[in-house]
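# Notes for the structure review
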Amino acid sequence: MGEDEVVLRVENIHKKYKDQEVLKGVTFEVRRGETKVIAGPSGAGKSTLLRCINLLTKPDKGRVWLEGVELTNPKTNINKMRQKIGFVFQEFNLFHHLTALENVMIGLTKVKKLPKDVARKKAEEALLTVHITEDLWNKYPAQLSGGQKQRVAIARALAMDPVIILYDEPTSALDPQLVGEVLRVMEELARKGVTGLVVTHEIGFALEVADEILFMYGGKILERGPPREVVFNPKHEVTKKFFENIKRLYGGR
């Protein structure tokens with residue numbers, strides 16, 4: 001499988017809730033090793049798009065392929081294919097009754113059916129990769145900071161050896177002083193070639209790490225391109241206004 005291989009292809013995705021059309025024909029692809037950032041205002045359909053990709057939300061129309069397998073085909077074993085997609089949520093979604101280590105191990109033992117000792121070794125490696133040190137492995141989520149919880153969530157996704165990791169505003173629930181530690185880990189993973197699709201307002205991260213920014217507005221991709229071009233020299237007035245506001249809010253470089 002080559003570096004240029006398309007691992008995720010999204011074609012003409014539509015989604016409607018009652019009278020509200022949230023997604024209006026979204027098409028793009030992600031190649032192996034790429035990090036793509038989806039930006040845009042609240043209500044643009046960014047989170048819904050991520051959920052449609054792994055069919056947590058079923059699109060009304062359109063198709064999604066992962067490594068050439070169509071996820072939207074009813075004959076596809078979606079539970080098996082979901083094992084190849086890491087998903088990092090805004091609110092961590094850790095099991096409160098499990099330790100950090102157990103939270104990372106559970107998918108490996110329950111879903112991948114790995115022996116406990118093998119699962120433990122993989123979980124420990126994943127935790128160290130995201131800088132969760134051994135002294136934190138046996139702590140419960142309530143004993144961890146928000147940044148530590150989100151890094152455990154990233155380790156949980158990483159341990160499953162996913163083809164791609166989807167990040168849904170992974171720093172939005174964090175106190176400002178904790179945002180940096182999560183972004184650093186995401187940046188390290190991107191530089192190691194872990195394929196990622198990231199919904200975020202963190203403009204500095206997008207400029208440093210993203211191969212492309214997809215700017216969503218009104219359920220569509222309004223503009224796309226190299227990060228510096230989209231942020232500093234956008235073609236659309238809507239995009240320009242959005243990034244001016246974001247730069248003021250988040251201190252973009």
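Summary of the structure given here. Keep in mind that what you see is a predicted model, and the values were worked out from it rather than measured.

### Some words on the pattern of salt bridges
- Per the stated rule, a full pass over the model turns up 17 salt bridges.
- Salt-bridge contacts for Lys 84 lead to Glu 67; the nearest nitrogen and oxygen are separated by 3.4 Å. Of this pair, Lys 84 sits in the loop between helix 2 (78–82) and strand 6 (85–88) while Glu 67 is found in the loop between strand 4 (61–66) and strand 5 (69–70), placing the two residues 17 residues apart along the sequence.
- Taking relative accessible area as the criterion, Lys 84 reaches 32% and is therefore assigned partly exposed.
- The partner of Arg 120 in a salt bridge is Glu 124, with the nearest N and O atoms 2.9 Å apart. Of this pair, Arg 120 and Glu 124 are both found in helix 4 (residues 116–129), 4 residues apart, which corresponds to roughly one turn of the helix.
- Its relative accessible area of 39% is what places Arg 120 among the partly exposed residues.
- The network of salt bridges with common partners includes Glu 5, Arg 32, Glu 67 and Lys 84.

### Regarding the packing of aromatic side chains
- Taken as a whole and judged by the stated rule, the model has 4 aromatic pairs.
- Seen in terms of ring centroids, Phe 215 and Phe 242 are 5.2 Å apart; in terms of plane orientation they differ by 55°. Their pairing is tilted. Pair noted here: Phe 215 is in strand 9 (residues 212–217) and Phe 242 is in helix 9 (residues 237–250), with a separation of 27 residues, a long-range link. Comparing Phe 215 with Phe 242, the two get one shared label, buried.
- Both rings, one in Phe 242 and one in Phe 243, keep their centres 5.1 Å apart while their planes meet at 80°; by these two values the pair is edge-to-face.
- Phe 243 gets classed as buried once you look at its relative accessible area, which sits at 3%.
- Taken together, Phe 215, Phe 242 and Phe 243 form an aromatic cluster joined through their ring pairs.
- Here the guanidinium or amino end of Arg 9 rests over the ring plane of Trp 65, the centre of that ring lying 4.1 Å away.

### Some words on the packing of helix 5 (residues 146–159) against helix 6 (residues 176–191)
- Running from N to C, helix 5 and helix 6 cross one another at 20°; their axes reach a closest spacing of 8 Å. If you check the angle between helix 5 and helix 6, you find them roughly parallel. Considering the relative orientation of helix 5 and helix 6, their crossing is right-handed. Here Gly 146, Gly 147, Gln 148, Gln 150, Arg 151, Ile 154 and Leu 158 of helix 5 lie close against helix 6, whose contacting residues are Leu 178, Glu 181, Val 182, Val 185, Met 186 and Leu 189.
- For the contact of helix 5 with helix 6, the residue count by class is 7 nonpolar, 4 polar and 2 charged.

### Side note on the sheet that holds strand 1 (residues 6–17)
- In spatial order, the strands read 2-1-4-5; together these 4 strands make up an open sheet with antiparallel pairing. Each edge of the open sheet carries a strand with a single partner, namely strand 2 (20–31) and strand 5.
- Strand direction decides the pairing type here: strand 1 and strand 2, joined by 9 bridges, are antiparallel. Its bridge partner being in strand 2, Tyr 17 is matched across the sheet by Gln 20.

### Details of the sheet that holds strand 3 (residues 35–39)
- If you trace the 6 strands from one edge of the open sheet to the other, you get 6-7-8-3-9-10, paired in mixed fashion. Among the strands making up the open sheet, the edge pair consists of strand 6 and strand 10 (220–225). The average undirected angle you get between the axes of adjacent strands in this sheet is 20°.
- Of the strand pairs in this sheet, strand 9 and strand 10 are connected by 5 bridges, and their pairing is antiparallel. Across the sheet, the residue bridging to Leu 214 is Arg 224, located in strand 10.
- Each of strand 6 and strand 7 (164–168) is contacted by helix 5, which is oriented at about 170° to strand 6, the strand it contacts most.

Parameters at a glance
Residues numbered from 1 in each chain as written. Predicted model: local features only at pLDDT ≥ 70, side-chain atom pairs only at ≥ 80, totals over all residues. Heavy atoms only, no water. Salt bridge = Lys/Arg side-chain N within 4 Å of Asp/Glu carboxyl O. Helix = DSSP H or I, 4+ residues; strand = E, 2+ residues; numbered from the N terminus. Buried < 20%, exposed > 50% of the residue type's maximum accessible area, 1.4 Å probe, protein only. Phe/Tyr/Trp six-rings, centres within 6.5 Å; stacked < 30°, edge-to-face > 60°. Lys NZ or Arg CZ within 6 Å of the ring centre and 35° of its normal. Axes fitted to C-alpha atoms, helices over the stretch in contact; angles between N-to-C directions. Parallel < 35°, antiparallel > 145°, perpendicular 65-115°, else oblique. Left-handed = near helix turned anticlockwise from the far one by under 90°. Contact = heavy atoms within 4.5 Å. Nonpolar A, V, L, I, M, F, W, Y, C, P; charged D, E, K, R; others polar. Pairing = 2+ DSSP bridges.

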